[in-house]
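If you want the building blocks of each chain, they are given just below.
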Amino acid sequence: MLNSTVVGRVDVTPELMILQVKPDAGVPPFQPGQYVALGLPGSAPRYPGAPGEAEAPAADKLIKRAYSIGSSPAVGEYFEFYIAIVPDGALTSRLAVVKPGDRLFAQPKVTGTFTLEGIPDDHNLVLVSTGTGLAPFMSMIRTPTTWTSSRKITIVHGVRYPQDFAYSDELNSFVSQRAAFEYLPIASRAPESFSGRKGRVQALFEDGSLQLNAATDHVFLCGNPAMIDDLERDLTTKLGYTVHSKKAPGNLHVEKYW
Ligand SMILES: Cc1cc2nc3c(=O)[nH]c(=O)nc-3n(C[C@H](O)[C@H](O)[C@H](O)COP(=O)(O)OP(=O)(O)OC[C@H]3O[C@@H](n4cnc5c(N)ncnc54)[C@H](O)[C@@H]3O)c2cc1C
């Protein structure tokens, strides 16, 4: 049942962690933007002080949830995930205490249509995330084929507090290496003293920081469903965007985490 091993863990904050997981069978082929299900049995320990569970899961039953892959397929050894610990979450209250060497379940089949498949090389990418919704975009920009010679890539990362800006060193190093890359971090609950952008992701669309052209710019939205609903409504009604699906390809790609 448990077919993978934790090989790395970085605690970004007490509620946010980066986890590296090595499947026994090796990392299968996948496309940046896809996800796998991770799982632990009900018997796995929860973090100390976790709130009681209304209905305790059966000890031998796997609790499984979807997680976007944050690593590039070029990293053959392990998957990387960026995970928010939900205090009373069934799985994440257990993932909160895993450490290198621990075993867990990783679904052998990688799935998802939140990918760059079919997007012309000369179309720009506007990758908009809240919280851990940054993960699929890390996979995309860590993958060399994403960087075509004629496209601009923008990453928007909305968080609550400035300490939640995971991957900011890596993203800033992309900024210094790539002229066609823009990184727009924005924090909604930053203290007065914070000198960066303050507010919600939606504000960047309203104040003109992000100018979109539906003919050339593909927009990807990932994370908090309220952010996605707001922007989906605005981009489809005001800017002529159409939501992408496998059957009906469009230029607005959405991945809601809950
Ligand atoms: C396609 C897909 C990809 C996903 N990828 C990621 C990922 O890369 N990283 C990640 O952290 N989560 C991701 N999620 C969410 C993840 O699957 C779980 O829902 C989440 O970890 C909570 O599981 P849980 O069992 O601890 O909580 P549950 O007991 O299932 O409680 C669910 C509740 O937790 C809250 N919640 C869920 N996800 C988050 C979150 N990310 N941040 C804050 N609150 C949340 C919501 O209120 C939700 O109703 C993804 C979801 C989908 C559908």
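Residues numbered from 1 in each chain as written. Predicted model: local features only at pLDDT ≥ 70, side-chain atom pairs only at ≥ 80, totals over all residues. Heavy atoms only, no water.

Things to note about the domain arrangement of the protein chain
So, point 1. By domain assignment, the protein chain separates into domain 1 (4-106) and domain 2 (124-256).
So, point 2. Placing a centre on the C-alpha atoms of domain 1 and another on those of domain 2 gives a separation of 24 Å.
So, point 3. Taken residue by residue, the interface counts 18 residues in domain 1 and 14 residues in domain 2.
So, point 4. Around 1,300 Å² of area is buried between domain 1 and domain 2 when both sides are counted, 61% of it from carbon and sulfur atoms.
So, point 5. The interface formed by domain 1 and domain 2 includes one salt bridge.
So, point 6. At the surface where domain 1 touches domain 2, the tally comes to six residue pairs in polar contact (both at pLDDT 80 or more).
So, point 7. Looking at the side of domain 1 that touches domain 2, the elements with two or more residues in it are β1 (4-13), β2 (16-23) and β5 (79-84). (Domains from an automatic or database assignment. Contact = heavy atoms within 4.5 Å. Buried area = accessible area lost by both parts, 1.4 Å probe. Salt bridge = Lys/Arg side-chain N within 4 Å of Asp/Glu carboxyl O. Polar contact = N/O pair within 3.5 Å; in protein donor to acceptor, adjacent residues only side chain to side chain. Helix = DSSP H or I, 4+ residues; strand = E, 2+ residues; numbered from the N terminus.)

Notes on the site of the ligand
So, point 1. Taken together, 18 residues form the shell around the ligand, and within it Arg65, Ala66, Tyr67, Leu91 and Thr92 come nearest.
So, point 2. Between the ligand and Tyr82, the relevant distance is 2.8 Å, taken from a nitrogen atom to a main-chain nitrogen or oxygen of the residue.
So, point 3. For the ligand, an oxygen atom lies 2.9 Å from a polar atom in the backbone of Ala84.
So, point 4. About the coverage of the ligand: the protein hides 74% of its 880 Å² of free accessible area. (Near = heavy atom within 4 Å. Areas by Shrake-Rupley, 256 points an atom, 1.4 Å probe, with all protein chains shown as cover.)

Quick look at the sheet that holds strand β4 (residues 62-68)
Within a sheet, neighbouring strands are paired by backbone hydrogen bonds and run either parallel or antiparallel to one another.
So, point 1. If you trace the six strands from one edge of the open sheet to the other, you get β4-β3-β6-β1-β2-β5, paired in antiparallel fashion. Strand pairing shows two members of the sheet lacking a second neighbour, β4 and β5, which therefore form its edges. When the angles between neighbouring strand axes are averaged without regard to direction, this sheet yields 40 degrees.
So, point 2. Looking at chain direction, β1 and strand β6 (residues 103-106) are connected through two bridges and run antiparallel. (Pairing = 2+ DSSP bridges. Axes fitted to C-alpha atoms, helices over the stretch in contact; angles between N-to-C directions.)

Overview of unusual backbone geometry
So, point 1. Non-glycine residue Tyr167 carries a positive phi angle of around 65 degrees.
So, point 2. Relative to the helices and strands, Tyr167 is located in the loop between β8 (153-159) and α3 (168-177).

With respect to the sheet that holds strand β12 (residues 252-256)
So, point 1. Ordered in space as β10-β9-β8-β7-β11-β12, the six strands form an open sheet in which the pairing is parallel. In the strand order of this sheet, the two ends are held by β10 (197-198) and β12, each with one partner.
So, point 2. Contacting β8 and β9 (181-187), α3 crosses the sheet at an angle of about 145 degrees to β9.
So, point 3. Docked against the sheet, helix α5 (residues 225-238) engages β7 (124-130), β11 (217-223) and β12, running at close to 160 degrees with respect to β12.

Here's the deal with the pattern of salt bridges
So, point 1. Per the counting criterion, the structure on display carries 13 salt bridges.
So, point 2. As a salt-bridge pair, Lys152 and Glu182 come within 3.1 Å of each other at their nearest N and O atoms. One end of the pair, Lys152, is in the loop between α2 (135-141) and β8; the other, Glu182, is in strand β9, and 30 residues separate them in sequence.
So, point 3. What makes Lys152 partly exposed here is its relative accessible area of 38%.
So, point 4. Accessibility expressed as a relative area gives 26% for Glu182, which makes it partly exposed.
So, point 5. Asp229 serves as the salt-bridge partner of Lys256, at 2.6 Å between the closest nitrogen and oxygen. Highlighted residues: Lys256 in strand β12 and Asp229 in helix α5, separated in sequence by 27 residues.
So, point 6. The exposure class of Lys256 is partly exposed, given its relative accessible area of 40%.
So, point 7. Residues participating in the shared-partner salt-bridge network are Arg200, Asp230, Arg233, Asp234 and Lys238. (Buried < 20%, exposed > 50% of the residue type's maximum accessible area, 1.4 Å probe, protein only.)

Remarks on the packing of aromatic side chains
So, point 1. The tally for this structure, following the rule as stated, stands at nine aromatic pairs.
So, point 2. Ring geometry for Phe79 against Phe81: centres 5.8 Å apart, planes inclined by 50 degrees, an arrangement best described as tilted.
So, point 3. Taking the relative accessible area as the measure of exposure, Phe79 reaches 1% and is therefore buried.
So, point 4. Lying over the aromatic face of Trp147, Arg178 brings its terminal NZ or CZ to 4.2 Å of the ring centre. (Phe/Tyr/Trp six-rings, centres within 6.5 Å; stacked < 30°, edge-to-face > 60°. Lys NZ or Arg CZ within 6 Å of the ring centre and 35° of its normal.)

Notes on the environment of Glu255
So, point 1. Relative to the elements of secondary structure, Glu255 occurs in strand β12.
So, point 2. For Glu255, the contacting residues outside a window of four places in its chain are Gly33, Tyr35, Phe114, Leu221, Cys222, Gly223 and Ile228.

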